[in-house]
Every structure is written in C-alpha cells, then in structure tokens.
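# Coordinates in review
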Amino acid sequence: MQKPTFTHFLLEEDHGIAVFTINRPEVMNALNLECQLDLIAFMDYYEGNENLKVAIITGAGDKAFIAGADINNIKTATAKKALNSKLRTVLDRIENSPKIIIAAINGYAFGGGFELALACDIRLVSDNALVGLPEANLGIIPGAGGTQRLARMVGISVAKDVIIGGRNLKADETVSYGIAMKCVSQVELLEKAKNVASKIMERGPLAIQVAKMAINTSLDVDRSTGMMYEALALAVTFGSEDRLEGASAFLEKRKADFKGC
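Conventions we followed
Residues numbered from 1 in each chain as written. Predicted model: local features only at pLDDT ≥ 70, side-chain atom pairs only at ≥ 80, totals over all residues. Heavy atoms only, no water. Pairing = 2+ DSSP bridges. Helix = DSSP H or I, 4+ residues; strand = E, 2+ residues; numbered from the N terminus. Core = buried A, V, L, I, M, F, W, Y, C linked by side-chain atoms within 4.5 Å. Buried < 20%, exposed > 50% of the residue type's maximum accessible area, 1.4 Å probe, protein only. Contact = heavy atoms within 4.5 Å. Arc of directions from axis to C-beta. Polar contact = N/O pair within 3.5 Å; in protein donor to acceptor, adjacent residues only side chain to side chain. Axes fitted to C-alpha atoms, helices over the stretch in contact; angles between N-to-C directions.

## Quick look at the sheet that holds strand E4 (residues 64-66)
As summarised here, the arrangement of the four strands in space is E4-E6-E8-E9, forming an open sheet in which the pairing is mixed. Two strands bound the open sheet, and with one partner strand each, they are E4 and strand E9 (169-170). Inspection of the sheet shows strand E6 (residues 108-110) paired to strand E8 (residues 130-132) by three bridges, in the parallel sense. Bridging from a neighbouring strand, Phe110 pairs with Gly132 of E8.

Spelled out as structure tokens, the structure:
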C-alpha cells in the first residue's frame, strides 16, 4: 500500500509500529484543517496496511504534544462547520479503530490535542506534560468528544473542574486519575511507547481487536448487555486459529505465531 504524503505530519514505520508525529513545533503543533486531513489520510493508510500493527501519535519538539486547535480556524469557523467537525469524525474513528493507537504526550496537550489523546487506546505522558480543555476561554466548549470521553474516564466532578473551572492537569495527575498509564522522562517517552506497542504485538491480534470492541461497548450499555457482548466476543476468539496456536505455544513453551484469524 502506497504511503500518503502528509502536509504537517511525519510517518516512521518501525517493525510493525507506525510513529505518526505532528510537525508544527513553531505553533506548538496546533491542529489546523490540513492536520485533520492528514489524520484522516493516516487512518486510511494505517487501517489498510497489514504490516502495521500498532500506531503511536506524538508531537515534534520538546514543548508540546498538540497545544490545541489553530485559533485562526476557530475564528473563521461557522456553526455549520462546527456541527460537521472533521476532527470529531476522525477522533471517533481512532477510538473505534480495529487497531490500537497509543498517544505519547510529550508536553502541552490542550483542547483538540487533549481530545485526540483521550480518543486513543493508551496514553503515556512525559514528566513535563500539562493537559486541559480551555475552550471556554474562547467562548466555546470542547467539541470533538472532550466532554464525553473525559467525564467517562475521570468522573463528572473532575471533568467539570477541567472544562468549566479551567483546571489543567499535570503529568502525575493524569496518572493518578487514570488518564495516562505511565509518566516518564521526555527522553524516554517514545521508547517506552514503542515497548508498550511491542508487547501488544506479541498478543493475539484478533483477541486484541474484539477486546477493544468489548471494552468500548461497556461504556454505552448496561452491565447485563455488556456481559452478553463479552460472551459473544469470547466465542469469536474460541472459533479462531489464533486460539489453537496460543494454547499450543503455551504448552510447547514457545512464542506464539498468531495470524489474526
């Protein structure tokens, strides 16, 4: 599959891991319309490329992951454009992708940048990270899933403190609230993210896919329905070749050679 040309992102492919880096350090990696189109093109490429198993999204430079949306875009946006947000669409796609996406938050992550991170499956932060949803300062609200994803992740009170009260969360707070799984130094961040990606790649890809689906579904249904969904998802994995390979590899004390089917 041919690699796309991106306007503001860099793509590195490393043994099945896609590292997708927003490269606008002069504006703290702020998201403009071209960035959103880059994200859509990347998802098309990533999901259609069988050689890529896990993706990492990060920011260029040592100050910002993504410091929010480009203010010029906000100033010229209309109500119709906001209602049909490309960023909201691509973040929903990231959240529901059959593949895993890790956010390596290497500094400031505000507004749309924090919303992007919240849509990812796993988040790691550098010790200089600071995250928040300051849209109310501009007379608007988070519009790419921030009010929904953050509230589900940390609870109503903390979400209101961040969105309504304007509170920013430091790196260690993101870990204590369960937003990020780990805080490391900035120089270690990308390598740690790659280590997490490598461990995921050792596991059954079909199992990873249906587990993600079951976990995401649990947020929107009652417990009984979620348990039924889990049982059906389990049945899918029991009907797979990967289940036989995983059991055989365990008994034979060797590394499993999963095929994803």
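## Let's talk about the nonpolar core
Counting 48 residues, the largest nonpolar core has Phe42, Phe65, Ile105 and Leu150 as the members making the most contacts within it. Sort the elements by how many residues they give to this core and helix H1 (residues 33-48) lands first, with six residues. With residues up to four places along the chain from it excluded, the contact list for Leu150 reads Phe114, Leu118, Leu133, Gly145, Gly155, Ala159, Val162, Ile163 and Ile179. Core analysis: the second largest hydrophobic core is formed by 14 residues, Val54, Ile102, Leu124 and Leu189 among them.

## Concerning helix H7 (residues 156-163)
Burial in H7 covers these residues: Val158, Ala159, Val162 and Ile163. Buried residues along H7 cover an arc of 125° about the axis, so they all sit on one side. Turned more than 90 degrees away from the buried face of H7 sit Ile156 and Ser157, all of them exposed.

## Some points on the environment of Lys259
Locating Lys259 in the fold gives a position in the segment after helix H12 (241-251). Overall, the relative accessible area of 59% leaves Lys259 in the exposed class. In sequence terms Lys259 and Asp121 are 138 residues apart; their C-alpha atoms lie 22 Å from each other. Not counting residues up to four positions away in its chain, the partners in contact with Lys259 are Pro205 and Asp242. Here the side chain of Lys259 touches Asp257 through a polar contact of 3.1 Å, side chain to side chain.

## Some remarks on the pairing of strand E2 (residues 17-22)
One face of the sheet, then the other: side chains in a regular strand alternate in exactly this way. Of all six residues in E2, six are buried, a share of seventy percent or more. Burial along E2 is two-sided: the residues Ile17, Val19 and Thr21 and Ala18, Phe20 and Ile22 are all buried. Bridge count for strand E1 (residues 9-14) against E2 is six bridges, and the pairing is antiparallel. Bridge pairing in E2 places Leu11 opposite Phe20. The hairpin formed by E1 and E2 contains two residues between the paired strands, and His15 there has a positive phi angle of roughly 50°.

## What to know about the environment of Ser176
For Ser176, the position within the fold is in helix H8 (residues 171-176). In this structure Ser176 comes out as exposed when scored by relative accessible area, which is 58%. For the pair Ser176 and Lys212, spaced 36 residues apart in sequence, the C-alpha separation works out to 22 Å. Within the local environment of Ser176, its side chain forms a polar contact with the backbone oxygen of Glu173, the two atoms lying 2.9 Å apart.

## Some details on the sheet that holds strand E5 (residues 100-105)
Sheets are built from strands that pair by backbone hydrogen bonding, the pairs being arranged parallel or antiparallel. The mixed open sheet is built from six strands, whose spatial order is E1-E2-E3-E5-E7-E10. Two strands lie at the open edges of the sheet, namely E1 and strand E10 (182-184), each paired on one side alone. Put simply, the sheet's adjacent strands are angled 20° from each other on average, direction ignored. Where E2 and strand E3 (residues 54-59) come together, six bridges link them in parallel fashion. For Thr21, the partnering residue across the bridge sits in E3 and is Thr58.

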